[in-house]
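Chains, contacts and geometry: an overview
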Amino acid sequence: MIVSALAGPLASGTTALTAAGGAADPVVARSQMGFSLGWHIVVACLGVGMPALVLFAEWRGQRTGDPSWQLLARRWARVMGVLFAVGAVSGTILSFEMGVLWSGLMDNYGAVIGLPFAIEGFAFFIEAIFLGIYLYGWDRLPPRAHLLAGVPIVIAGIASAFFVVSANAWMNAPRGYTVRHGRVVGVDPWAAIFNPATGPETTHMILSAFMVTGFAVASVYAVAMLRGRRDRYHRLGLLLPLTFAAAITPVQIVVGDWAARFIGADQPVKLAAAEGLARTTGHAPIEIGGIFAGGRLHGALTIPDGLSLLLRLNPAARVTGLNSVPPADRPVVPIVHLAFDTMVGIGFALLALGAWLAWSWWRRRDVPRSRWFLRAVAVSGVAAVTAMEAGWIVTEVGRQPWIVYHVLRVADAVNPAPGLAAGALPVIAVYAALTVATVYVLRRMARGAPVPAAPQEADVRQHSVI
Amino acid sequence: MGTGLEVAVLAVMWTAVTAYALLGGADFGAGIWDLLAGGRDRGAPRRALIEHSVGPVWEANHVWLIFVLVLLWTAFPAGFAAISSTLYIPLTLIALGMIARGSAFAFRKAIDQPWARRLFGAAFAFSSLVTPWFLGAAGGAVAAGRVPPGLARGDVLTSWLNPVSAVTGSFAVAACAFLAACYLTLDARRSGDDGLTAWFGRRAVASGLVVGACSAAGLAVLHGGAPLLYGRLTGRALPLVLTAVAGGLASLLLARLAARPDGGRRAARPDRGRPAGRAGGTRLAAVALRLTGAGAVAAALWAWGAAQYPYLLLPGLTVHAGAAPAAALTATLTCAAVGGALVIPALAWLLVLFQRSPGSARD
């Protein structure tokens, strides 16, 4: 792979590269960044959410001596170890891409958004260190110390998510710097971290990480139960993550409303694109679905006055439409609108799934008997990931053509080096291989082989609980 | 010279570079020895020792690199933008190599089919060999002054495909292998396996000689390709260069001592007719080998840093001119102090915990 990637540019030389790739191509750079970020974010969500599940299972296992909890803790810990490694390396390429693709952004604003990444670096250090201790120390530490060694992983994971997303929030609501003659001359890094968008955006993302983890892990056990494995181990493996995610879902919908109101005030064009609102108007409706073409939405399900009510609690309130900015400053509306509806739609579907579980538990202290419930849980993991990705599409595509809102355009931020577009090909090839390998390994790990007593040490005795 | 803040951040950053070279570099080197460990049966105990030594620590060691990148763009954004835009090809290949290495290592551990283990093992070992070359070549491009300030102002190919980068890339590969061999000799000694210890000890000597050859070649190409840096290396940085040479020579001697058989761990030595204290001696030599090996590589890195200072990018951008506004530097130093106070004790616990043999705390 590396050899062939090298042989191309070496044989053709710089001039051919320029002709083939074109200089300063923001579309390819955006695609590469979106692709690698969109890949990493799935693993990162599991990296934030899984430690809490593993620790809960280990804690129950220690307290009750229940072998099902012990087995769950060990198997989840093994999966967490693999996912953390994949997340660590797929996150590293993003650090490189910040400069390789967006050197125009980093050249001037690197100092402004550097601090959250530096703090995130330390949080990641804590995660990596304690994950090593936790996974490999399973047979070296007393049980209580081992459990405690897992706590920093949970805290640092949430902190990492907060600080990284705060840097993205800064791109939506840039604060904390002064510019003279086009160069940043003064920085207030704390004002940059705690910009107005940080509150809604980080909360929304951290909750979605827990939802993705909960529904994804539960869906694995739902598939197993559909295949007839209804023992205590599988029931607990379904119940714990599903309850966890279902409890978060209603909170997430309230936080999503907060985020939408914030965007309505701070980035009205992004919200107008999300809602497909062509013109600034009072009595703005909510329009669900439909196709945005020729400057307006066709065939959408309309709730009259809905958007005015939702944003301002007043049916006559004026809401800013796309026509408030020139066409060149508008995002690609069909993508943003579809992504927004997908996210919201899945959010409410997952809410209904959680309500089904709550109802059944309240009436019978048991999960619903219907196979349709298990089928719904089985697809909930993919659904939660889809909703999370759709949310990022709303945030990122909705901000276009700006990389830093109203400050720096994407086209001015991209690395002007020749041949940059060609660099996207090996990246996509490696990610394709990584995807295949990750799915293959996770599927193998989901099989019923005995689990080593210490999750990462192949040389200790096998621990077969069931 | 401004406020001195930028020098403080630079010192923190170069310390992190050193930590990455000594810890992360050794993990690359371990992958190189995995590649060269021999056939499936003969190589098995060597690969097992490598996996055992690298497994718990590589992710934490890897974070040093992320920390270096983040410090560079926070404190010296102009330098980061210039380096990453001109050197985007090697940097992308480094990132891809790291993906292949880290994920393949984790996958190999998680899976039991022989063909898949061998495939992931090959990806791990091959990327361990290739990635440090690009890291060294990118460093050589900066050292040789082929990365001018500004966005993509340097040639995207010849900036890192030139004699200096070729030698610095090879130096990086050899230094990684050398560090790993030095560290693994002690791990092998602790495991009590004489054959394994001798195998890694011999490799420490061989790779140490290659590092020496690369260093000599490096000075020769710098003489022609980067006269300013050459003059400084043989001038004010000479004490550090000599320290590196002394550390390297001491390592060669210690590797030979450490590789001698001691008749098995804690064996009853006197009644087997071996001189008393021989085991302790070889073990002590292996400990000292770790220190001299790491010291030699660290001294070489600091010699480069001392020779290049005060230039961030030779010869167009000084550390002072390329530094971020003071508030960003202060925040970075505060963050490094608080973060270091949290991370360093934890890191020490991790590294010490897995130097001990598995305990009996848990049945």
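It should be emphasised that the depicted structure is a prediction, and the values quoted were computed from it without experimental measurement. (Residues numbered from 1 in each chain as written. Chains lettered and ligands numbered in written order. Predicted model: local features only at pLDDT ≥ 70, side-chain atom pairs only at ≥ 80, totals over all residues.)

A few points about the overall build of chain A
Convention followed: Helical segments are the DSSP runs of H or I of at least four residues, strand segments are the runs of E of at least two, and each set is numbered from the N terminus. With C-alpha atoms as the basis for the radius of gyration, the globule rule is written as 2.2 Å multiplied by the number of residues raised to the power 0.38. The burial criterion counts other C-beta atoms lying within 10 Å of a residue's C-beta, which is placed from the backbone; the residue is buried at 20 or more, exposed at 12 or fewer, and partly exposed between these limits. By the convention adopted here, residues make contact when the C-beta atoms placed from their backbones lie within 7 Å.
A tally of regular secondary structure across chain A gives 14 helices and 10 strands. Relative to its length of 466 residues, chain A is compact, with a C-alpha radius of gyration of 24 Å against a globular reference of 23 Å. C-alpha extents for chain A along the principal axes are approximately 65 × 60 × 40 Å. Evaluated residue by residue, chain A yields a buried proportion of 56% over its 466 residues. Here the contacts in chain A between residues at least 6 apart in sequence split such that 75% fall between residues at least 24 apart.

Regarding the overall build of chain B
Looking only at helices and strands, chain B has 12 helices and 2 strands in total. Relative to a compact globule of 363 residues, whose C-alpha radius of gyration would be 21 Å, chain B shows 21 Å and is just as compact. The buried share among the 363 residues of chain B stands at 58%. Residue pairs in contact within chain B that sit at least 24 positions apart in sequence constitute 81% of those at least 6 positions apart.

Some details on helix α10 (residues 238-258) of chain B
Residue and element names in this part refer to chain B. Using the following cut-off: By this rule, a helix spans an expected 1.5 Å times one less than how many residues it contains. The arc in question is the one spanned by the directions pointing from the helix axis to the C-beta atoms.
Between its terminal C-alpha atoms α10 stretches 30 Å, which fits the 30 Å expected from 21 residues at 1.5 Å a residue. Of the positions making up α10, those classed as buried are L240, V241, A244, G247, G248, S251, L254, A255 and A258. In an axial view of α10, the angular spread of the buried residues amounts to 150°, which keeps them on one side of the axis. Exposed positions of α10 whose direction lies more than 90 degrees from the buried face are P239 and L242.

Here we look at the environment of A220(B)
Residues and elements named next belong to chain B. Along the chain, the position of A220 falls in helix α8 (residues 194-225). The class for A220 is partly exposed, based on 13 C-beta atoms found within 10 Å. Along the primary structure A220 and A30 are separated by 190 residues, whereas in three dimensions their C-alpha atoms are 29 Å apart.

Some remarks on the pairing of strand β2 (residues 183-187) of chain A
All names here are of chain A. What counts is decided by this rule: Strand pairing is assigned whenever DSSP identifies at least 2 bridges connecting the two strands.
Note: strand β1 (residues 177-180) against β2, 4 bridges, orientation antiparallel. When the bridges of β2 are listed, R180 appears paired with R183. Counting the residues between successive antiparallel strands, the hairpin from β1 to β2 contains 2 residues, one of them, H181, with a positive phi of roughly 50°.

Some thoughts on the interface of chain A and chain B
Filter applied, for reference: Residues are grouped as follows: Ala, Val, Leu, Ile, Met, Phe, Trp, Tyr, Cys and Pro are nonpolar; Asp, Glu, Lys and Arg are charged; every other residue, Gly included, is polar.
Every contact between the two is made by 73 residues of chain A and, on the other side, 66 residues of chain B. Per element, the largest residue contribution to the side of chain A that touches chain B is 23 residues, and it comes from helix α4 (residues 103-136) of chain A. Here the residues of the side of chain A that touches chain B are counted per class, giving 49 nonpolar, 18 polar and 6 charged.

A look at the nonpolar core
For the record, the criterion: Any nonpolar core is a set of buried residues, restricted to Ala, Val, Leu, Ile, Met, Phe, Trp, Tyr and Cys, that join up through C-beta atoms within 7 Å.
Counting 300 residues, the largest nonpolar core has V68(B), L179(B) and A180(B) as the members making the most contacts within it. Top element by residues in this core is α4(A). It accounts for 23 residues. The contacts of V68(B), once residues within four sequence positions are left out, are M13(B), A16(B), V17(B) and Y20(B).

What to know about the packing of helix α3 (residues 67-100) of chain A against helix α8 (residues 232-266) of chain A
Residue and element names in this part refer to chain A. Definition in use: Under this scheme, a helix contributes an axis fitted over its contacting stretch, all axes are lines through C-alpha atoms, and angles between N-to-C directions fall in the 0 to 180 degree range. In these notes the angle categories are as follows: under 35 degrees is roughly parallel, over 145 is roughly antiparallel, 65 to 115 is roughly perpendicular, and the rest is oblique. Less than a right angle of anticlockwise turn of the near helix away from the far helix marks a crossing as left-handed, whereas a clockwise turn marks it as right-handed.
It is at 9 Å that the axes of α3 and α8 come closest, and there the two elements cross at 60°. One way to sum up the angle between α3 and α8 is to call them oblique. Crossing handedness for the pair α3 and α8: right-handed. Where α3 approaches α8, its residues S68, W69, L71 and L72 are matched on the opposing element by R232, Y233, L236 and G237. By residue class, the composition of the contact of α3 with α8 is 5 nonpolar, 2 polar and 1 charged.

What to know about the environment of L347(B)
Counting through the fold element by element, L347(B) comes out in helix α12 (residues 326-353). As a C-alpha pair, L347(B) and N61(B) span 286 residues in sequence and 9.3 Å in three-dimensional space. The residues contacting L347(B), other than those within four sequence positions of it, are I129(A) and A60(B).

Focus on helix α4 (residues 77-86) of chain B
Within an α-helix, residues lying three or four positions from one another point in the same direction, as the helix has 3.6 residues per turn. For α4(B), a buried count of 10 out of 10 residues is recorded, marking the element as mostly surrounded by other parts of the structure. Where α4(B) is concerned, the buried positions are P77(B), A78(B), G79(B), F80(B), A81(B), A82(B), I83(B), S84(B), S85(B) and T86(B).

Quick word on the confidence of the model for chain A
All names here are of chain A. Heads up, the condition is: What pLDDT reports is the predictor's confidence in each residue, on a scale of 0 through 100.
Summing up the model confidence of chain A, the mean pLDDT is 86 and the portion of residues at 70 or higher is 91%. Long-range and interchain partners of residues 1-23, a stretch whose pLDDT sits below 50, account for 34 contacts in this model, where long-range means more than four residues apart. Counting interchain partners and residues more than four positions distant, the pLDDT-below-50 stretch residues 457-466 has 23 contacts.

Remarks on the packing of α4(A) against helix α5 (residues 143-172) of chain A
Residues and elements named next belong to chain A. Contact pair α4 / α5: the axes reach a minimum separation of 8 Å and the direction vectors enclose 160°. In terms of axis orientation, α4 runs roughly antiparallel to α5. The crossing of α4 and α5 is left-handed. Of the residues in the contact of α4 with α5, the class split is 20 nonpolar, 5 polar and 2 charged.

Here we look at unusual backbone geometry
For the peptide bond that leads from Y309(B) to P310(B), omega is 5°, which places it in the cis range. Locating P310(B) in the fold gives a position in the loop between α11 (278-308) and β1 (311-313). Here the amide bond leading from L314(B) into P315(B) is cis, since omega sits at -10°, within 30 degrees of zero. In this structure, D305(A) is a non-glycine residue whose phi angle is positive, near 60°. Structurally, D305(A) is set in the loop between β6 (301-303) and α10 (306-312). The class for D305(A) is partly exposed, based on 17 C-beta atoms found within 10 Å.

Observations concerning the confidence of the model for chain B
All names here are of chain B. Residues with a pLDDT of 70 or more make up 92% of chain B, whose mean pLDDT is 87. Per-element mean pLDDT across chain B ranges from 87 in helix α2 (residues 40-54) up to 93 in helix α1 (residues 5-35). Considering only residues more than four positions removed or in separate chains, one finds that residues 264-276, a stretch of pLDDT under 50, has 12 contacts. In this model residues 358-363 is a low-confidence stretch, pLDDT under 50, and it forms 10 contacts with partners more than four residues away in sequence or in other chains. Scored as a whole, the predicted complex attains pTM 0.88, and scored at its interfaces, ipTM 0.86.

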